[in-house]
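# Observations on the model geometry
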Amino acid sequence: MKAKVAVLISGAGTNMAALLFASKLPSCPYEIVLVASNNSDAEGLKIAAAEGIPTFAMSHIGLDRAAHDAVMHEAIVEAGATYVALAGYMRILSTGFVAKWDGRMLNIHPSLLPKYKGLHTHQRAIDANDTVAGTSVHLVTAELDDGPVLGQIEVAILPSDTADTLADRVKMAEYQLYPKTLADFVARDSNPDI
Ligand code: GAR
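Chains are numbered independently. Their residues run from 1 in the order of the written sequence. Totals for whole chains, interfaces and linings use every residue, but because this is a predicted model, local features are given only for residues with pLDDT of at least 70 and side-chain atom pairs only at 80 or more, for both listing and counting. Think of the side-chain values as coming from all heavy atoms in the structure, minus any hydrogens and water.

Looking now at the pairing of strand 4 (residues 83-86). Residue exposure (1.4 Å probe, protein chains only): buried if accessible area is under 20% of the type maximum, exposed if over 50%, otherwise partly exposed. Only DSSP runs of H or I with at least four residues qualify as helices, and only runs of E with at least two residues qualify as strands; both kinds are numbered from the N terminus onward. Alternating residues of strand 4 divide into Tyr-83 and Ala-85 and Val-84 and Leu-86, and every residue in both groups is buried. Where strand 1 (residues 3-9) and strand 4 come together, four bridges link them in parallel fashion. Directly across from Ala-6, in strand 4, lies its bridge partner Val-84. Looking at chain direction, strand 4 and strand 5 (residues 105-109) are connected through three bridges and run parallel. What sits directly across from Val-84, in strand 5, is Met-105. Crossover connection from strand 4 via helix 4 (residues 95-100) to parallel strand 5: handedness right-handed. Strand pairing follows a simple DSSP-based rule, namely that at least 2 bridges must link the two strands. If you view a crossover with the strands going away from you and the path from the first strand over the helix to the second runs clockwise, you call it right-handed.

Structure (structure tokens):
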């Protein structure tokens, strides 16, 4: 049986789409059972709906963090998911929510963690004259962008790069990294001998 994954997004959802298309390969060990967002206008919700994936949206505006997380948690459980993949979900999570998904929630972050936690990762890498940027998939813990790293891909920085051109190239790496890392993670989880 395939592992059931809920993907949380806030915007374009292109990483969600990469996870989804990878899940269509017969050998993929996970399936996406829900795409949920704090933003009902998120472009990724339309992509998911068109692909026949159940979607859920609940704005965080007017709700405190724990209350909003509780609504999201409810929707995830309702969908039957046993894993959560954060994919451009631009919310800081409450400790209660993180604890409920301990060891079963992954995030993708556009830097070579532990470098450049938080926002504006590409500009910070360029400003630091780094020659290499990249992306990381990690387990989510209470500290922002701090959990154990499960996989990384390095991306060379060109002298001509702006934050936008670098972000576009890092995203291509993300589309390779996230589906493979999630697949390996759920497979290892269901068979510890792997
Ligand atoms: C991705 O590059 C992801 O790494 C980043 O947001 C983008 C979402 O794009 N995440 C973070 O910055 C989280 N701290 P997408 O909506 O097209 O997948």
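So, next bit.
Bringing unusual backbone geometry into the picture now. Leu-113 connects to Pro-114 through a cis peptide bond whose omega is 15°. For Pro-114, the position within the fold is in the loop between strand 5 and helix 5 (121-127). Even without being glycine, Asn-129 reaches a positive phi, approximately 60°. A positive phi angle is found at Asp-145, which is not glycine, with a value near 55°. Along the chain, the position of Asp-145 falls in the loop between strand 6 (132-139) and strand 7 (149-156). What makes Asp-145 buried here is its relative accessible area of 10%.

Moving on, we get to the site of the ligand. Residue proximity to a molecule or strand is established when one non-hydrogen atom of the residue lies within 4 Å of it. The immediate surroundings of the ligand are formed by Ala-12, Gly-13, Thr-14, Asn-15, Gly-88, Met-90, Ile-108, His-109, Pro-110, Lys-171 and Glu-174. Interatomic distance of 2.5 Å between a side-chain N/O atom of Glu-174 and an oxygen atom of the ligand. All accessibility values rest on the Shrake-Rupley procedure with a 1.4 Å probe; residue burial counts only the protein chains present in the view. Expressed as a share of its isolated accessible area of 450 Å², the protein-covered part of the ligand is 86%. Cavities and pockets are found on a 1 Å grid laid over the protein atoms alone: a cavity is a set of points where a 1.4 Å probe fits but cannot escape, a pocket is an open set with protein on both sides within 12 Å along at least five of seven lines, and a lining residue has an atom within 4 Å of such a point. The way we define it, a molecule is inside a pocket or cavity when more than half of its atoms are within 2 Å of that pocket's grid points. The site holding the ligand turns out to be the largest pocket. Of all the secondary structure elements, the ones that give two or more residues to the shell around the ligand are helix 1 (14-23), strand 5 and helix 6 (163-190). Any residue that is not Ala, Val, Leu, Ile, Met, Phe, Trp, Tyr, Cys, Pro, Asp, Glu, Lys or Arg is counted as polar, Gly included; the first ten are nonpolar and the last four charged. Its residues assigned to classes, the shell around the ligand comprises four nonpolar, five polar and two charged. Any N or O atom pair separated by 3.5 Å or less is treated as a polar contact, with the protein-specific requirement of one donor-capable and one acceptor-capable atom, and with residues adjacent in sequence counted only for side-chain atom pairs.

Quick look at the pairing of strand 2 (residues 30-37) now. Where burial is concerned, most of strand 2 is hidden: seven out of the eight residues are buried. Examined bridge by bridge, strand 1 and strand 2 share seven bridges and lie parallel to one another. Following the sheet pairing, Leu-8 is matched in strand 2 by Ala-36. Crossover handedness for the path strand 1 to helix 1 to strand 2: right-handed. Viewed along the sheet, the connection from strand 2 through helix 2 (residues 43-50) into strand 3 (residues 55-57) turns out right-handed.

Once that is clear, we can look at the pattern of salt bridges. What makes a salt bridge here is a side-chain nitrogen of Lys or Arg within 4 Å of a carboxyl oxygen of Asp or Glu, nothing more. In this structure the tally under the stated criterion is seven salt bridges. A salt bridge links Lys-4 to Glu-31; the shortest N-O distance between them is 3.0 Å. Taken as a pair, Lys-4 in strand 1 and Glu-31 in strand 2 lie far apart in primary sequence, 27 residues in all. The class for Glu-31 is partly exposed, based on a relative accessible area of 29%. For the salt bridge of Glu-43 with Lys-46, the shortest nitrogen-to-oxygen distance reads 3.2 Å. Of this pair, Glu-43 and Lys-46 both sit in helix 2, three residues apart, roughly one helical turn. For Lys-46, a relative accessible area of 49% translates into the label partly exposed.

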